[in-house]
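Below, each chain spelled out in residue letters.
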Amino acid sequence: MEKEITLSKVGIHVTRDCLVVPIQVELHDELVTQIQEDILRRVKGEQLKGVVIDLSGVAILDSVLARGVFDTAQMTSLLGARTVITGLSAGVVASLIDLDFEPGNVPIALTLDEGLQTLEPYVKPKEEPEEAEEPEEEID
Amino acid sequence: MKNKKKRVEISEEVNIVEAASEAMIFAQIAGFTRVGQHMVATAVSELARNIYLYAMKGEVTIRVLERKTNKGIQIVAEDNGPGIADIGAAMKEHFSTSDGLGLGLPGVKRLMDEFRIDTKPGVGTKITVRKWV
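Residues numbered from 1 in each chain as written. Chains lettered and ligands numbered in written order. Predicted model: local features only at pLDDT ≥ 70, side-chain atom pairs only at ≥ 80, totals over all residues. Heavy atoms only, no water.

A. Just the overall build of chain A, in detail. The secondary structure content of chain A amounts to five helices and five strands. The N-to-C order of helical and strand elements in chain A reads α-β-β-α-β-α-β-α-β-α. Taken across its 140 residues, chain A has 44% of its residues classed as buried. A sequence separation of at least 24 residues applies to 78% of the contacts in chain A between residues at least 6 apart. Accessible surface, chain A as shown: approximately 7,900 Å² in total, 51% of it carbon and sulfur. (Helix = DSSP H or I, 4+ residues; strand = E, 2+ residues; numbered from the N terminus. Buried < 20%, exposed > 50% of the residue type's maximum accessible area, 1.4 Å probe, protein only. Contact = heavy atoms within 4.5 Å. Areas by Shrake-Rupley, 256 points an atom, 1.4 Å probe, with all protein chains shown as cover.)

If you want it as structure tokens, here you go:
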């Protein structure tokens, strides 16, 4: 039950072989834990190589919430996926700097779309490479 | 605006984001920029979190301040928790007595303009912060 609420609130889905996690509600600890579990379960279950956590709807990211989100990104890397965090607002960034927050080496992009772009080299190609269209010339 | 003061009780985890969201509204009313509003809300989130983490129960009172030249915001975070024995240590970076996550007090101080702490072991803690537009 709880899980469904989280999923409908956050709307996790797969686009271009990446798990997209658009967070459009204010975060709290329990929600961060829930999202973390959802992401790890899906990355593992669907063998996904890329995740975008979009925080454009989040106004308040204190040190503990930020730690939870950034830790999630690092956890996915242990599952062989790469996570990009996107959509941090100027206010959130200014606050994190004042809080002396250590972002580690989690990749960041400005927008969700840019995040997906940076993941392109890591995820499997969308379609099979075009093959056998022109048969190789036979050598006599 | 008549309702210039708001008290948020902190006793559950969800009250943290509640207090922070209220602070954001008050910061907007006081005339802070969007970035300023975020900073105030984040500071309140840290303060409310400390109450929840260390004292279990307490309250956060938010009010808009007015002086001749500009407006501001004041937040009082109060609890009857264990208090802080060594304020000097608590104000140092990355000091923590809980689960490896700091009290965040130096961060709160940087986010705001004025910072005052009154605490007594076994009695409680009262932190008053202000930020001016």
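B. Examining the environment of Glu 114 of chain A more closely. All names here are of chain A. Position of Glu 114 relative to the elements: it lies in helix α5 (residues 112-119). Given the relative accessible area of 37%, Glu 114 is considered partly exposed. In this structure the C-alpha to C-alpha distance between Glu 114 and Phe 70, which are 44 residues apart in sequence, comes to 18 Å.

C. A look at the interface of chain B and chain A. In this complex, chain B contributes 20 residues to the contact, which on the side of chain A involves 22 residues. Carbon and sulfur atoms make up 59% of the surface buried where chain B meets chain A, a total of about 1,800 Å² over both sides. When the buried surface of chain B facing chain A is broken down by residue, Glu 13, His 38 and Arg 49 of chain B rank first, second and third, together holding 29% of it. One can count two salt bridges joining chain B with chain A. Arg 49 of chain B is paired through a salt bridge with Asp 62 of chain A; the nearest N and O atoms lie 2.8 Å apart. Along the contact surface separating chain B from chain A lie eight residue pairs in polar contact (both at pLDDT 80 or more). Where the side of chain B that touches chain A is concerned, the elements lending two or more residues are α1 (14-30), α2 (34-55) and α4 (105-111) of chain B. The element contributing the most residues to the side of chain B that touches chain A is α2 of chain B, with eight residues. Each residue belonging to the side of chain B that touches chain A can be placed in one class, and the counts come to nine nonpolar, six polar and five charged. (Buried area = accessible area lost by both parts, 1.4 Å probe. Salt bridge = Lys/Arg side-chain N within 4 Å of Asp/Glu carboxyl O. Polar contact = N/O pair within 3.5 Å; in protein donor to acceptor, adjacent residues only side chain to side chain. Nonpolar A, V, L, I, M, F, W, Y, C, P; charged D, E, K, R; others polar.)

D. Just the pairing of strand β2 (residues 18-22) of chain A, in detail. All names here are of chain A. With five of its five residues buried, β2 lies for the most part within the structure. Neither face of β2 is exposed, since Cys 18, Val 20 and Pro 22 on one face and Leu 19 and Val 21 on the opposite face are all buried. In this sheet, β2 lies alongside strand β1 (residues 13-15) in antiparallel orientation, the contact comprising three bridges. Each residue of the ladder has a partner; that of Val 14, found in β2, is Leu 19. Where β1 hands over to β2, the hairpin turn is made up of two residues, of which Arg 16 adopts a positive phi near 45°. Bridging between β2 and strand β3 (residues 50-54) involves five bridges; their strand directions are parallel. From the neighbouring strand, Pro 22 faces β3, where its bridge partner is Asp 54. Once the chain exits β2 it traverses helix α2 (residues 29-45) before rejoining the sheet at β3, and the crossover so formed is right-handed. (Pairing = 2+ DSSP bridges. Right-handed = clockwise from strand over helix to strand, strands pointing away.)

E. Examining the sheet that holds strand β2 (residues 58-66) of chain B more closely. All names here are of chain B. Reading across from one edge, β1-β2-β3-β5-β4 is the order of the five strands in this open sheet, with antiparallel pairing throughout. Edge positions in the sheet fall to β1 (5-10) and β4 (114-120), since each of these pairs with one other strand and no more. The mean inter-strand angle of the sheet, taken between neighbouring strand axes irrespective of direction, is 10°. Running at roughly 165° to β1, α1 makes contact with β1, β2 and β3 (71-79) of the sheet. (Axes fitted to C-alpha atoms, helices over the stretch in contact; angles between N-to-C directions.)

F. Structural detail: helix α4 (residues 90-98) of chain A. Of the residues making up α4 of chain A, those classed as buried are Gly 91, Val 92, Ser 95, Leu 96 and Asp 98 of chain A. Seen along its axis, α4 of chain A keeps its buried residues to an arc of 160°; they face one direction. In α4 of chain A, the exposed residues that point more than 90 degrees away from the buried face are Ala 90 and Ile 97 of chain A. Where α4 of chain A is buried, its residues meet α3 (63-78) of chain A together with α2 and α4 of chain B. (Arc of directions from axis to C-beta.)

G. Representation of α3 of chain A. Here α3 of chain A is 16 residues long and its end C-alpha atoms lie 23 Å apart, about the 22 Å a rise of 1.5 Å per residue gives. Along α3 of chain A, the positions that sit buried rather than exposed are Ser 63, Val 64, Leu 65, Ala 66, Gly 68, Val 69, Phe 70, Thr 72, Ala 73 and Thr 76 of chain A. Packing partners of the buried residues in α3 of chain A comprise α2, β3, β4 (82-86), α4 and β5 (108-109) of chain A together with α2 of chain B. Positive phi appears at Gly 80 of chain A, one or two residues downstream of α3 of chain A, with a value of about 85°. (Expected span 1.5 Å × (residues − 1).)

Coordinates in, geometry out; function isn't part of it.
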